[in-house]
Amino acid sequence: EKSGNAYNKALSLMQTDGCDQRIARFLRRRIKHCRDDKSFTQAMEGVKFYEEGAEYYKMGNFREALELYYKAVECDGSSVHALNAAGSIHLKYAKDYDMARKFFRKALELSDMPVIRNNLAIAERKCGGDGHGVGRIDRGFCQREPSGQL
């Protein structure tokens, strides 16, 4: 309930100040996702997985980081940072440009952050005109995709 109130307050403040509609859309999604205790608890579990993934990423353990980012997305499909991080690993390390593009597109639907737009542009260039990754995909890099829709 407290999280919903905080998001609603932020949304109302932004609307009175003439906020960017993309930010307002993002806040509405967060309000919807965290509207009850169960959803909020699940979102917080996603934050935990994202933060653990970031630690593994820093250590250079990209497979484990990716698995944790997937878990974060499964807990909270609106986790822009987890979506972007998973896309980045697919782009830079797995060389699966098409999968990277899927993650970046989903993240961009949720938030129009310049870093996400840039990452998507890179993935698009790597995919070439046929829409498929042109890199040598390391299929052993990740054994699964996150459940839910990208």
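Quantities reported herein were computed from a predicted structural model and do not represent experimental measurements. (Residues numbered from 1 in each chain as written. Predicted model: local features only at pLDDT ≥ 70, side-chain atom pairs only at ≥ 80, totals over all residues. Heavy atoms only, no water.)

Here we take up helix H7 (residues 114-127). Spacing of three or four residues puts side chains on the same side of an α-helix, whose turn is 3.6 residues. Look at H7: 20 Å from first C-alpha to last across 14 residues, which is about the 20 Å you get at 1.5 Å a residue. Among the residues making up H7, those that are buried are Ile116, Asn119, Leu120, Ala123 and Cys127. Taken down its axis, H7 places every buried residue within 100° of arc, on the same side. Exposed and oriented more than 90 degrees from the buried face of H7 are Pro114 and Arg125. The inward-facing, buried residues of H7 contact helix H5 (80-94) and helix H6 (97-110). (Helix = DSSP H or I, 4+ residues; strand = E, 2+ residues; numbered from the N terminus. Expected span 1.5 Å × (residues − 1). Buried < 20%, exposed > 50% of the residue type's maximum accessible area, 1.4 Å probe, protein only. Arc of directions from axis to C-beta. Contact = heavy atoms within 4.5 Å.)

A few words now on the nonpolar core. The biggest cluster of nonpolar side chains holds 22 residues, and the ones touching the most others in it are Tyr69, Leu83, Ala86, Ile89 and Phe103. Of all the secondary structure elements, the ones that give two or more residues to this core are helix H3 (37-58), helix H4 (62-75), H5 and H6. Examining the composition of this core, we find that nine residues originate from one element, H4, more than from any other. If we ignore the near neighbours within four places in the chain, the residues touching tyrosine 69 are Tyr50, Gly53, Ala54, Tyr57, Ala82, Ala85, Ala86 and Ile89. Listed in part, the seven residues of the second largest apolar core include Tyr97, Phe104, Leu120 and Cys127. (Core = buried A, V, L, I, M, F, W, Y, C linked by side-chain atoms within 4.5 Å.)

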